[in-house]
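Chain residues, written in single-letter form:
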Amino acid sequence: MKKTVTRLADGRELIYYDSADDTVREAVDRRPLDAVSTSSEIRRDPLLGDAVAIASHRQARTYHPPADACPLCPSREGSSSGEIPDSHYDVAVFENRFPSLAGDSGRCEVVCFTSDHDASFASLTEGQAALVLAAWTDRTAELSALDQVTQVFCFENRGAEIGVTLGHPHGQIYGYPFVTPRTELMLASAARHREETGGNLFDDVVAREEKDGTRVVLATDHWIAYVPYAAHWPYEVHLHPRRRVPDLPALDEAARTEFPQVYLELLRRFDRIFGPGEPPTPYISAWHQAPYGVPGREEFALHLELFTIRRTSGKLKFLAGSESGMSVFINDVPPEAAAQRLREVASE
């Protein structure tokens, strides 16, 4: 992999990740852009204790542009509207022009998985998926070194139903200046489990799922994927490396080598859940990594959570009164049935 770091016209960082070591990146962003100005602010909810990012400038972000005006596509001759000035790329990462977090409040980046506007992550080759994993890993290491970043979150929102406003295959990376509420809950549960049993919560959950087997979706030498016992979402899969590590940079080479095959298979199964002729399955894919400089980091386990808000053909799972008002989820699809369906649609 070759990494090339450059700058966009307004000073934001742009990083190319190329498979070929001899790739040369010399294109210059010549757009007449003003420096990015953000109003991002972190406020604490005094009742719940969690953080809320107030980012009014995001109201002006690009919203469902036509394909020929996609800002994530490579620049075309005579066009200067895109964020990526080169005429082709493998993987590109740049600072978000409309960040939810900025400055002392953290950092937001966009990850373009491929220059092909009509592709999806599931359509990538294993080599392309490996390059995205390398980019996620490198960005995690770089962002975690920033003074204002406590936790790094790599994720993909896929599908208009999820709220995606750009159709080009891409994800995002958030560098939070705090430990996220969901991670705080996991750390507290892990600490309590250690005190009560002497074991690691994540290790014990994975072992229990593998022993039971009814919710295991796939298992390989270095990864295991299962539908959790108390799944929140209609179809939800947790993917763990068999050797527990806190974050992406800590993955060993064997797990890195096997990841593209495993992850692509999961994504392709998701697209087959609801049968032939159905539109691509909307999903959120989220890497959970240990925060930095906090107690309990050594107890945390890197894992990926993949889930869809579609509960059946043509119907979505909405967060209504119980979920939105009280954070108590009600799942219409039994986790065992979801796991069985995800096994049924395995690639031949």
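Conventions used here
- Residues numbered from 1 in each chain as written.
- Predicted model: local features only at pLDDT ≥ 70, side-chain atom pairs only at ≥ 80, totals over all residues.
- Heavy atoms only, no water.
- Helix = DSSP H or I, 4+ residues; strand = E, 2+ residues; numbered from the N terminus.
- Rg over C-alpha atoms; globule rule 2.2 N^0.38 Å.
- Buried < 20%, exposed > 50% of the residue type's maximum accessible area, 1.4 Å probe, protein only.
- Areas by Shrake-Rupley, 256 points an atom, 1.4 Å probe, with all protein chains shown as cover.
- Lys, Arg positive; Asp, Glu negative; His and termini not counted.
- Charge placed at Lys NZ, Arg CZ, Asp CG, Glu CD.
- Pairing = 2+ DSSP bridges.
- Axes fitted to C-alpha atoms, helices over the stretch in contact; angles between N-to-C directions.
- Contact = heavy atoms within 4.5 Å.
- Parallel < 35°, antiparallel > 145°, perpendicular 65-115°, else oblique.
- Nonpolar A, V, L, I, M, F, W, Y, C, P; charged D, E, K, R; others polar.
- Phe/Tyr/Trp six-rings, centres within 6.5 Å; stacked < 30°, edge-to-face > 60°.
- Expected span 1.5 Å × (residues − 1).
- Arc of directions from axis to C-beta.
- Left-handed = near helix turned anticlockwise from the far one by under 90°.
- Core = buried A, V, L, I, M, F, W, Y, C linked by side-chain atoms within 4.5 Å.

Quick look at the overall build of the protein
Here comes step 1: Helix and strand content of the protein: six helices and 15 strands.
Here comes step 2: By the compact-globule yardstick of 20 Å for 348 residues, the protein fits well, its C-alpha radius of gyration being 20 Å.
Here comes step 3: Once the C-alpha set of the protein is aligned to its principal axes, its extents read approximately 60 × 50 × 45 Å.
Here comes step 4: With 348 residues in all, the protein has 51% of them scored as buried.
Here comes step 5: Accessible surface computed for the protein: about 16300 Å², of which carbon and sulfur atoms make up 51%.
Here comes step 6: Between the mean site of the 36 positive side-chain charges and the mean site of the 52 negative ones, the protein shows a separation of 3 Å.

Let's talk about the sheet that holds strand S10 (residues 223-226)
Here comes step 1: Reading across the sheet, the eleven strands line up as S1-S2-S5-S6-S8-S7-S12-S13-S11-S10-S9 and stay open at both edges, with antiparallel pairing between neighbours. In this open sheet, the two strands that pair with only one neighbour each are strand S1 (2-7) and strand S9 (216-219). The mean inter-strand angle of the sheet, taken between neighbouring strand axes irrespective of direction, is 20°.
Here comes step 2: Relative to strand S8 (residues 170-176), strand S6 (residues 107-112) runs antiparallel, the two sharing six bridges. Following the sheet pairing, Val-111 is matched in S8 by Gly-171.
Here comes step 3: Contacting S9, S10, strand S11 (235-241) and strand S13 (303-308), helix H3 (residues 201-212) runs over the sheet at an angle of about 70° to S10.

Examining the packing of helix H2 (residues 181-197) against H3
Here comes step 1: Running from N to C, H2 and H3 point in directions that differ by 85°, and their axes come no closer than 8 Å. By the angle class used here, H2 and H3 are roughly perpendicular. In this structure, H2 contributes Met-186, Ser-189, Ala-190, His-193 and Thr-197 to the contact, and H3 contributes Leu-201, Phe-202 and Asp-204.
Here comes step 2: Here the residues of the contact of H2 with H3 sort into four nonpolar, three polar and one charged.

Some words on the packing of aromatic side chains
Here comes step 1: Applying the stated criterion across every chain, the model contains 18 aromatic pairs.
Here comes step 2: When the ring of Tyr-176 is compared with that of Phe-178, the centres are 5.5 Å apart and the planes differ by 40°; the resulting orientation is tilted. With respect to burial, Tyr-176 and Phe-178 carry one shared label: buried.
Here comes step 3: Ring centres 5.6 Å apart and planes at 85° place the aromatic pair Tyr-235 and Phe-274 in the edge-to-face group. Of this pair, Tyr-235 sits in strand S11 while Phe-274 sits in the loop between helix H4 (253-270) and strand S12 (283-288), and the two are 39 residues apart along the sequence. For the pair formed by Tyr-235 and Phe-274, the shared burial category is buried.
Here comes step 4: One aromatic cluster is present, formed by Phe-113, Phe-121, Trp-136, Trp-223, Phe-259, Tyr-263 and Trp-287 through successive ring pairs.

Digging into H2
For an α-helix, 3.6 residues make a turn, and residues three or four places apart therefore share a direction.
Here comes step 1: Taking 1.5 Å of rise per residue, 17 residues should cover 24 Å, and H2 covers 24 Å from first to last C-alpha, within 8% of that figure.
Here comes step 2: Burial in H2 covers these residues: Thr-183, Met-186, Leu-187, Ala-190 and His-193. Buried residues in H2, looked at end-on, bunch into an arc of 125°, giving them a common side. Across from the buried face of H2, at angles greater than 90 degrees, the exposed residues are Leu-185, Glu-195 and Glu-196.
Here comes step 3: As for H2, its buried residues are in contact with strand S7 (151-158), H3, S12 and S13.
Here comes step 4: In the segment just after H2, Gly-198 is the residue with positive phi, at about 85°.

Side note on the packing of helix H1 (residues 126-144) against H4
Here comes step 1: H4 packs onto H1 with a crossing angle of 115° between their chain directions and a minimal axis gap of 9 Å. Handedness of the crossing formed by H1 with H4: right-handed. Packed against H1, whose contacting residues are Glu-126, Ala-129, Ala-130, Leu-133, Trp-136 and Thr-137, the element H4 presents Arg-256, Phe-259, Pro-260, Gln-261, Tyr-263 and Leu-264 at the interface.

With respect to the nonpolar core
Here comes step 1: One finds Phe-121, Trp-136 and Trp-287 to be the most contacted residues of the largest nonpolar core, which totals 51 residues.
Here comes step 2: Counting residues per element, this core draws most heavily on H4, at eight residues.
Here comes step 3: If we ignore the near neighbours within four places in the chain, the residues touching Phe-121 are Phe-113, Ala-129, Val-132, Trp-136, Glu-156, Tyr-263, Leu-264, Leu-267 and Tyr-283.
Here comes step 4: The next biggest cluster of nonpolar side chains, apart from the first, holds 13 residues, and it includes Leu-8, Tyr-16, Tyr-89 and Leu-166.

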